[in-house]
Amino acid sequence: MKAIAVERGSSRPTLLDVSEPDPDAGEALLRTLRVGIDGTDHEVVRGNHGGYPVGDDYQILGHEAVAAVEDPNGTGLESGQLVVPTVRRPSTETESNEYFERGEPDMAPDGAYVERGIVGAHGYMSEFFVSPPEFLVPVPDSYAEHGFLVEPISNSEKAFEHAFAARSAFEWTPESALVLGNGPLGLLTLAMLETDSSPFERNYCLGRRDRPDPSIDIIERLGSTYVDSRETPVDGVAEAFEPMDFVYEATGYAKHAFQTVDALAPNGVGALLGIPNDWAFEVDGGRLHRELVLENKALFGSVNSNVGQYEAARDRLAELPDWFLDAFVTGVYAPDEAESAFEASDDAIKTVIEFDTP
Ligand code: NDP
């Protein structure tokens, strides 16, 4: 079968011909429909992040997928049912997997898990893959086209849940939110903040692009305000616009983690999702520490998501407007066009590989 992988020593995606997986007892065989590409995939290809599955010289890419059940193989799933697979699986290196047992794989520490398509396990960019049913979230038949977005949306559902939990000990009525980053994760999160079920009334999104730019068009069509970090750095946003009740960082630009403290309103909360490389720089730690304490601000990191957050993401996807999804998905590619799908350009926002249709 066709699989898109990165081979050891290479830094480009390659189309391979590999054998079709054979499901073990307790695993279903899934036929892949679409797999999205995000910043993490680019990092895996560049070799900055992740690790090869034990014993293999290549890693099949992809962690944002939607698939159809090809063979339920006694798992109780229905043939033809559409599903979205989760990313984390227990590591075989550790004896107990308490985090997986209690349905919190996203909170497991490094070493207790592998991540399909990212760290130590093959991903979903192949015509078929296998999985136990507990790692598959059923989605409606109408999700063949955009169901692959359930995974990235679930990462933000987790961040929202933790943000509200961090502010749940008092009456918190947030109105203003700032998303740092106009890449795919930032734009998707901004669209979530603009849905009818979101409590946020004024949303901002920070980038560093000149107009005309498709991501700025999306920001403004959503009804949000574009903030150019070259004119208004993150620590100047509170003064130039307004102090933010919620900041969601999706740039991976390490200074933003600290500047977020200044962008927050008193009692506000900042979620950090970006994954920067090492970068040493100076900050006024005393001032930031004092600001966090005296203004009751909170800052936390968030990665991955659990099945409940995938289910919330499945509902949230139905709320996103069609025009947004059309503008957001800028390219649908066949498996043998993988290199083009991975090409970065200012016009590309979210690209996807289509292996099959239902
Ligand atoms: P991208 O790298 O595609 O997007 C990052 C965006 O931030 C780009 O549009 C970039 O602008 C913008 N940006 C970077 N630095 C600045 C700056 N100084 N000022 C203004 N804008 C800036 O990544 P994704 O959207 O896919 O993901 C965002 C981050 O989240 C990445 O670090 C990724 O690894 C991480 N991630 C984390 C997850 C989690 O669960 N924690 C899940 C998925 C992703 P430009 O394009 O103009 O350079």
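Source: prediction; values computed, not measured.

Participant: Can you help me understand the sheet that holds strand E1 (residues 2–7) in this one?
Facilitator: Taken together, 3 strands build an open sheet; the order of strands is E2-E1-E4 and the sheet is antiparallel. The outermost strands of the open sheet, each flanked by one partner alone, are strand E2 (14–17) and strand E4 (58–60). The average undirected angle you get between the axes of adjacent strands in this sheet is 50 degrees. In the sheet, E1 pairs with E4 via 3 bridges, with the strands oriented antiparallel. Looking at E4, one finds that Ala5 is bridged to Ile60.

Participant: I tried to follow unusual backbone geometry on my own but got confused; where do I start?
Facilitator: Glycine aside, a negative phi is what most residues show, and trans is what most peptide bonds show. Note that the residue after Arg211, namely Pro212, is joined by a cis bond; omega there is -5 degrees. Looking at where Pro212 falls in the secondary structure, it is placed in the loop between strand E13 (202–207) and helix H5 (214–221). The phi dihedral of Asn267 is positive, around 70 degrees, even though this residue is not glycine. As for its position among the elements, Asn267 is in strand E16 (residues 264–272).

Participant: How should I be thinking about the UniProt feature "domain: Glucose dehydrogenase C-terminal" (unreviewed entry) in the protein chain in this particular structure?
Facilitator: As recorded in UniProt, the feature "domain: Glucose dehydrogenase C-terminal" (unreviewed entry) lies at residues 144–355. In the segment residues 144–355, helix accounts for 39% and strand for 21%; the C-alpha atoms at its two ends are 11 Å apart.

Participant: I would appreciate a short explanation of the sheet that holds strand E12 (residues 176–180) in the present structure.
Facilitator: Strand pairing in a sheet takes place through backbone hydrogen bonds and is either antiparallel or parallel in direction. Across the sheet, 6 strands lie side by side as E14-E13-E12-E15-E16-E17; this open sheet has parallel pairing. What marks the edges here is a single partner per strand, and that holds for strand E14 (225–228) and strand E17 (298–301). Within this sheet the neighbouring strands show an average axis-to-axis angle of 20 degrees, counted without direction. As paired elements, E12 and E13 share 5 bridges and run parallel to each other. From the neighbouring strand, Leu178 faces E13, where its bridge partner is Tyr204. Along the sheet, helix H3 (residues 150–166) makes contact with strand E15 (244–249), E16 and E17, crossing E15 at roughly 145 degrees.

Participant: Honestly, the layout of surface pockets in this entry has me stumped. Any pointers?
Facilitator: Where empty space is left in the structure can be found by rolling a water-sized probe over the atoms. Reported here for the second largest pocket is a volume of approximately 340 Å³. Residue assignment for the lining of the second largest pocket shows that the elements contributing at least two residues are E4 and strand E10 (128–131). With 4 residues, the top contributor of residues to the lining of the second largest pocket is E10. The residue makeup of the lining of the second largest pocket, split by class, is 10 nonpolar, 5 polar and 4 charged.

Participant: Sorry, what's going on with the UniProt feature "binding site: NADP(+)" (unreviewed entry) in the protein chain here?
Facilitator: UniProt marks Asn182, Gly183, Pro184, Leu185, Arg208, Arg209, Leu273, Gly274, Ile275, Ser302, Val303 and Asn304 with the feature "binding site: NADP(+)" (unreviewed entry), using the numbering shown here. Across 123 residues in sequence, these annotated residues place their C-alpha atoms as far as 27.8 Å from one another, rather than forming a single compact spot. Relative to the helices and strands, Gly183 is located in the loop between E12 and helix H4 (184–193). According to the relative accessible area criterion, Gly183 is partly exposed, its value standing at 27%. Considering the arrangement of structural elements, one finds Asn304 in the loop between E17 and helix H9 (307–319). According to the relative accessible area criterion, Asn304 is buried, its value standing at 7%. Those residues in contact with Asn304 that lie beyond four places of it in its chain are Val87, Arg88, Pro105, Asp106, Glu115, Asn155 and Lys158.

Participant: Honestly, H9 in this entry has me stumped. Any pointers?
Facilitator: Taking 1.5 Å of rise per residue, the 13 residues of H9 would be expected to cover 18 Å, and the 19 Å separating its terminal C-alpha atoms lies within 8% of that figure. Where the residues of H9 are buried, they touch strand E6 (82–85), strand E11 (136–139), H3, H4 and helix H10 (322–328). Capping of H9 at its N-terminal end is provided by Asn306; its side-chain oxygen lies 3.0 Å from the backbone amide nitrogen of Gly308.

Participant: Hey, could you run me through the side chain of Asn203 in this one?
Facilitator: Its place among the elements puts Asn203 in strand E13. Among the polar contacts made by the side chain of Asn203, one reaches the side chain of Glu194 at a distance of 3.2 Å. Residue contacts for Asn203: discarding those within four places in its chain leaves Ala177, Leu190, Leu193, Glu194, Ser224 and Thr225.

Criteria and cut-off values
- Residues numbered from 1 in each chain as written.
- Predicted model: local features only at pLDDT ≥ 70, side-chain atom pairs only at ≥ 80, totals over all residues.
- Heavy atoms only, no water.
- Pairing = 2+ DSSP bridges.
- Helix = DSSP H or I, 4+ residues; strand = E, 2+ residues; numbered from the N terminus.
- Axes fitted to C-alpha atoms, helices over the stretch in contact; angles between N-to-C directions.
- UniProt positions renumbered as here; feature names shortened; annotations may be inferred.
- Contact = heavy atoms within 4.5 Å.
- 1 Å grid on protein atoms, 1.4 Å probe; cavity = no way out; pocket = protein on both sides within 12 Å on 5 of 7 lines; lining within 4 Å.
- Points joined across faces, edges and corners; volume = space filled by probe spheres on them.
- Nonpolar A, V, L, I, M, F, W, Y, C, P; charged D, E, K, R; others polar.
- Buried < 20%, exposed > 50% of the residue type's maximum accessible area, 1.4 Å probe, protein only.
- Expected span 1.5 Å × (residues − 1).
- Polar contact = N/O pair within 3.5 Å; in protein donor to acceptor, adjacent residues only side chain to side chain.

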